[in-house]
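Take a look at the letters that make up each chain.
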Amino acid sequence: MNISEGISGLKYNRKSLSYRKFNWVMLTIAFSPVLSLGLVNLAVDPYGVISTPTIAKFNQSKPEILTQERMYKAVEITRLKPQIILLGSSRTQWGIYPQHPGLSKSNLKAYNVGFSGANMYEVMRYFKHAIANQPDLKTVVIGLDFFMFREHNPPASDFRESRLEITSIHPQDLINSLFSVDALIASQKTITKNISLSYPNYQIYNGFFINDYRKPLPGSSQAFAKWIKPAFNAYRNYKLSPQNLNHLKNIIQVCQQKGIDVKVFISPSHAIEAEAIQIVGSWEQFEQWKRELVKITPVWDFSGYNSITGESIKTEMKNYTDNSHYRKEVGDLILNRLFDSNTEKVPNDFGILLTPKNIQSHLAKIRADREFWAKNNPNDVKLMQNLKLNLYK
């Protein structure tokens, strides 16, 4: 090799090194925002799926989990592998406490798998997800609601099949939780709400949502009037779905095959929720739903018009935060009845075990109870009549 060739080669190597350095600089510049995004979301963990340590006034309270509760609970099941699960809608999620004495006396870990607006398909799929992660599942408690069984009731927008029946967080969920702009916005909201002294502390205990801001609003008549309107839409032109009944049957059959203790109950929404079903003309469907349920399994019925559900609507309410959601204290009474624990605290008219033998007499009694409730709660009846007048405007 002559001198000119050596000089040429040296120039080439320098140029090659210069190009490589340039490429690394450009890659670093290009990926820095992505890495920064990931680091922020990793530190805050707004959806609670990464197990980042929590810090007071920074990320201890995680209200943004509500926007991704189905992802959060799918991941939690893979971590905790509970032997007792509580299934249902947001009524279960806000009302049924996993540490109730009837559940905790067995020293088994209980987890609340309730979701906002859950349908029966989602309930069935999360039941199977729980079994996939805990083959030694011991007890299943299912809270049932009339709206969960209607036709044309698809899963919620945050439901994903891909994250179920696996034993760790799905890779796509991990990527979205770290590197999406939505997660960054959720992180920002999380930090802001943690810093705010006026924002209530938001906690989750084994899937049970403890939330200070679910207290009654001033003037509960207005609050109930606001939240009863979605019920009209849920129950109007109601058609009972045989497929959703089959999803319940599937759960019951699997429990029977595996020797899992299963307890099923109908949620005690407030009496004006039952009035809404009457107003939109779906009462016959409501009664038929209960007839179909008892063909599948015995069911504890806490709905209708009783000393708990018939509480008069007022500013400070003992049993309810709105017409749909009962308080933990009511949930405790439900579990007392289901697990035969401290039953002396449960009103005699709260919770009837339905079977094919007593279903007809029970339905007749509810109709009679409705007349008694209406006579003793004229203001609540008037509220519903006014809402009825506005319904068809």
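The following paragraphs examine the structure supplied in this document. No experiment lies behind these values; they were computed from the predicted model shown.

### Brief notes about the overall build of the protein
Phase 1: A tally of helices and strands in the protein yields 14 helices and eight strands.
Phase 2: Looking at the 393 residues of the protein, the share that counts as buried comes to 50%.

### Remarks on the side chain of D145
Phase 1: Secondary-structure assignment places D145 in the loop between β3 (139-144) and α6 (171-179).
Phase 2: Among the residues examined, D145 registers a relative accessible area of 1% and is labelled buried.
Phase 3: Side chain to side chain, D145 and S89 meet in a polar contact 2.6 Å long.

### Structural notes on the sheet that holds strand β2 (residues 110-114)
Phase 1: In spatial order, the strands read β2-β1-β3-β6-β7-β8; together these six strands make up an open sheet with mixed pairing. What marks the edges here is a single partner per strand, and that holds for β2 and β8 (352-354). Between one strand axis and the next, the sheet turns by 25 degrees as a mean value, whatever way the strands run.
Phase 2: Examined bridge by bridge, strand β7 (residues 299-301) and β8 share three bridges and lie antiparallel to one another. Of the residues in β8, the one forming a bridge with D301 is I352.
Phase 3: Seen against the sheet, helix α9 (residues 242-258) touches β3 and β6 (261-266) and runs at an angle of roughly 165 degrees to β3.

### Observations regarding the nonpolar core
Phase 1: By size, the foremost hydrophobic cluster in this structure holds 89 residues, and its most contacted members are F127 and F149.
Phase 2: With sequence-adjacent residues up to four places away left out, F149 is seen in contact with M120, L144, Y238, K239, L240, S241, N244, L245, L248, W289 and L293.
Phase 3: In terms of nonpolar packing, the next biggest core, distinct from the first, is built from six residues, Y47, V49, M71 and A183 among them.

### Things to note about the pairing of β2
Phase 1: Along β2, five of the five residues are buried, which leaves the element largely enclosed by surrounding structure.
Phase 2: Direction of pairing for strand β1 (residues 84-88) relative to β2: parallel, over a ladder of five bridges. Following the sheet pairing, G88 is matched in β2 by G114.

### A short note on the packing of aromatic side chains
Phase 1: Under the defined criterion, the tally for this structure stands at 17 aromatic pairs.
Phase 2: Ring geometry for Y97 against Y205: centres 5.7 Å apart, planes inclined by 40 degrees, an arrangement best described as tilted. Separated by 108 residues along the polypeptide, Y97 in the loop between α3 (90-95) and α4 (101-104) and Y205 in strand β4 (residues 202-205) bring together distant segments of the chain.
Phase 3: Y97 sits in the partly exposed class, given a relative accessible area of 21%.
Phase 4: Seen in terms of ring centroids, Y305 and W373 are 5.4 Å apart; in terms of plane orientation they differ by 45 degrees. Their pairing is tilted. Of this pair, Y305 sits in the loop between β7 and α12 (328-338) while W373 sits in helix α13 (residues 359-376), placing them 68 residues apart in sequence.

### Things to note about helix α10 (residues 271-279)
Phase 1: In terms of burial, α10 is a largely internal element, eight of the nine residues being buried.
Phase 2: Among the residues of α10, those classed as buried are A271, I272, E273, A274, E275, A276, I277 and I279.
Phase 3: Of the residues trailing α10, G281 is marked for its positive phi of about 80 degrees.

### Observations regarding unusual backbone geometry
Phase 1: Of note in this structure, K81 is not a glycine but carries a positive phi near 50 degrees.
Phase 2: Looking at where K81 falls in the secondary structure, it is placed in the loop between α2 (69-80) and β1.
Phase 3: Under the relative-accessibility criterion, K81 is labelled partly exposed at 34%.
Phase 4: A positive phi is found at N342, a non-glycine position, where the angle reads about 50 degrees.
Phase 5: Examined against the element boundaries, N342 turns out to sit in the loop between α12 and β8.
Phase 6: Judged by its relative accessible area of 35%, N342 is partly exposed.

Quick notes on the rules
Residues numbered from 1 in each chain as written. Predicted model: local features only at pLDDT ≥ 70, side-chain atom pairs only at ≥ 80, totals over all residues. Heavy atoms only, no water. Helix = DSSP H or I, 4+ residues; strand = E, 2+ residues; numbered from the N terminus. Buried < 20%, exposed > 50% of the residue type's maximum accessible area, 1.4 Å probe, protein only. Polar contact = N/O pair within 3.5 Å; in protein donor to acceptor, adjacent residues only side chain to side chain. Pairing = 2+ DSSP bridges. Axes fitted to C-alpha atoms, helices over the stretch in contact; angles between N-to-C directions. Contact = heavy atoms within 4.5 Å. Core = buried A, V, L, I, M, F, W, Y, C linked by side-chain atoms within 4.5 Å. Phe/Tyr/Trp six-rings, centres within 6.5 Å; stacked < 30°, edge-to-face > 60°.

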